[in-house]
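Structural description and commentary
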Amino acid sequence: MLLPESLFDKFGKVFEPGQIIFCEYEPGNDFYFIQEGRVKITKTIGNAQKTLDVLSQGDIFGEMAILEEEPRSATAIAVDKVRTLNFNRANFDTLMKSNPQLAFRLLVIFSNRINDARRRLQILLLDDTTSKVVDVFLMLAEKDAHYGQVKSMVFNTTVDDIASWCGQPIDEVQKIINTFVRQGKVELFADRIVVSNINDFNRLIQAKRKSLL
Amino acid sequence: MPIARNYNGGSIVYFAGDKGDEVYVLQAGRVILISTALDTGEEIREDVQIGEFFGVKSSLGKFPREETAQVIGKTTCIVFKLHEFEQLVMKNTHLILKMLRVFSKQLRNIHRQIRDILKAGAAKDPSFELMSVAESFYRSGNVDHAVYALEKYLEVYADGDYTDRAHDLLSQARKGLTYPHGYPPLQIADQKHKVDASFVTRSMASADSLGDDPFALEEGAPAARPAEKEPGAADILMDGLTLMSQNKADAALAKFNECLAIKKLHTADDQEAAERAQYEKGRAELKLGKVDDASNSFSIYLKKFPTGEFMKHAIFQLGVAAEAKGNKERARTLYHKVATMPPPDDATRDARKRLEKLG
């Protein structure tokens with residue numbers, strides 16, 4: 001989806017390659033729509049910058065800031081020359097009314113955000129790390145259209161990502177996944193993790209949740 | 001074309017965990033949404049209003065349904081396929097704005113809960129964190145980004161704890177110099193500056209305002225209610241509390257319900273009153289022996305105000321309700337939760353007493 005170029009006169013903002021668009025922990029109350037170019041989303045971990053995502057034409061970023069009176073949760077950096085449309089609370093209503101497709105896109109984005117946040121909370125509320133790790137796999141599975149039809153599932157994820165989803169130390173999560181590998185429940189590759197029977201994981205978590213109530 | 005579907009009483013529109021791409025509107029009859037509170041595990045039942053959409057989020061996001069939708073009595077729903085729903089709302093943008101408003105409120109509530117769990121470990125000071133990010137850019141040789149972040153720091157925190165340091169580093173970075181060798185590491189300043197909670201309180205005060213702009217949060221609630229003569233939520237709540245203190249739980253309950261039915265909450269006081277009314281409704285119901293209703297009211301309170309003033313009290317009351325139902329195990333779990341939740345207060349004490357009694 002592209003927004004009409006006519007909006008560019010009023011809302012356009014251009015960034016040069018490598019230029020920072022906003023920085024983690026900076027306050028903000030506006031969001032961006034990418035008309036052209038790519039934007040890298042990064043997070044500072046110690047002295048290093050970890051890339052979380054690379055966004056391109058038609059993507060929206062920074063939308064959390066218009067909801068939460070909170071600092072930015074990540075840094076956005078232009079990869080190429082980037083042309084964006086920049087919107088804030090003041091022009092939000094007018095913009096939504098004149099661009100129903102954009103409004104609908106935001107609705108879909110927020111639906112997914114709520115689900116992600118709910119699942120994150122569910123994972124955090126489990127009381128042991130093994131269950132948390134298993135539930136992260138389930139959460140990833142639920143996003144996959146094949147879930148429910150196949151037993152074995154492939155996830156393009158890493159141990160680091162899983163650790164950050166469950167808010168647990170990487171080495172501890174690594175240990176748990178190693179145990180799964182030894183038990184044949186999981187296969188570990190550099191760029192992906194394969195779960196041999198996702199239904200087993202599902203049963204485990206259902207039972208766990210029941211026991212916590 | 002959207003179709004009208006008739007249901008017999010007791011039938012299920014969908015179960016929690018189902019996947020489906022249909023969106024529903026309640027046309028006639030009654031539908032309740034049954035969900036489980038993530039933190040307490042309590043069952044929450046909420047009525048769908050006539051004309052209200054349900055099943056929207058899970059269809060849009062293509063994830064499993066969060067709740068079970070059950071029909072009570074003969075009921076008719078209009079069923080939309082996802083693309084039909086899309087067509088409908090695209091022509092009625094105000095519907096999208098209304099839903100965005102509801103969604104943003106839900107999202108804020110969940111985020112608050114997540115923050116509460118995570119911040120147990122580390123309360124973060126945004127000014128310190130912004131400064132750390134700036135220095136991290138600088139140390140890793142990203143001078144331009146460091147300049148940006150340091151300028152931002154000075155712009156936002158003109159008299160912040162690290163202003164001198166930021167000026168110093170910025171002047172070096174602007175000269176194109178690398179991060180000064182042997183520069184003393186950034187250290188967190190005095191405790192009293194640790195968390196600027198003002199923006200949290202501000203957005204909490206207005207989190208439940210039902211203004212027309214979904215994101216009109218920063219302004220907060222207007223100081224005074226427009227010059228209408230009808231009593232506001234705060235006045236009705238006071239009546240209810242007075243009746244409660246006179247042991248007239250029945251009349252009090254009516255007042256709390258009246259308070260909760262108000263759609264426009266004009267002032268921060270009214271919003272606070274609506275929060276309190278949700279809690280007091282439960283207490284009144286408990287007093288009247290309507291234990292299930294009371295549990296439901298406390299659960300709704302916890303869902304809507306997960307960090308509300310009466311959060312601990314509501315969990316405690318859920319325990320009392322469980323005990324009244326003879327579910328000692330559950331009561332014990334809930335009391336224990338309250339007893340171990342900081343800071344210690346009257347709810348902590350009451351919970352400990354109840355725990356002792358249960359043995």
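As shown above, the structure is provided for reference.
Let us look at the structure shown here. Keep in mind that this is a model prediction, so the values were computed, not measured.

Quick word on the environment of Tyr14 of chain B
All names here are of chain B. Relative to the elements of secondary structure, Tyr14 occurs in strand E2 (residues 12-14). Tyr14 sits 55 residues away from Ala69 along the chain, and the two C-alpha atoms are 5.4 Å apart. When neighbours within four sequence positions are excluded, Tyr14 is seen to be in contact with Tyr24, Leu33, Phe54, Gly55, Arg65, Glu67, Thr68 and Ala69. Here the side chain of Tyr14 touches Glu67 through a polar contact of 2.6 Å, side chain to side chain.

Notes on the pairing of strand E6 (residues 68-81) of chain B
Residues and elements named next belong to chain B. Pairing geometry for strand E1 (residues 3-7) and E6, over five bridges, is antiparallel. Note on E6: the bridge partner recorded for Arg5 is Cys77. Sheet topology note: the E2/E6 ladder contains two bridges and is antiparallel. Each bridged residue has a counterpart across the sheet, and for Ile12 the counterpart in E6 is Gln70. Sheet analysis places strand E3 (residues 22-36) next to E6, joined by eleven bridges and oriented antiparallel.

Quick word on the sheet that holds strand E11 (residues 193-195) of chain A
Residues and elements named next belong to chain A. Reading across the sheet, the three strands line up as E9-E11-E10 and stay open at both edges, with antiparallel pairing between neighbours. Two strands lie at the open edges of the sheet, namely strand E9 (153-155) and strand E10 (186-188), each paired on one side alone. Across the sheet, the mean angle separating the axes of adjacent strands is 20° when strand polarity is ignored. Both E9 and E11 contribute to a ladder of three bridges, which runs antiparallel. In the strand pairing of E11, Val154 is matched with Val194. Across the sheet, helix H4 (residues 129-142) is in contact with E9 and E11; its angle to E9 comes to roughly 100°.

Procedures and definitions
- Residues numbered from 1 in each chain as written.
- Chains lettered and ligands numbered in written order.
- Predicted model: local features only at pLDDT ≥ 70, side-chain atom pairs only at ≥ 80, totals over all residues.
- Heavy atoms only, no water.
- Helix = DSSP H or I, 4+ residues; strand = E, 2+ residues; numbered from the N terminus.
- Contact = heavy atoms within 4.5 Å.
- Polar contact = N/O pair within 3.5 Å; in protein donor to acceptor, adjacent residues only side chain to side chain.
- Pairing = 2+ DSSP bridges.
- Axes fitted to C-alpha atoms, helices over the stretch in contact; angles between N-to-C directions.

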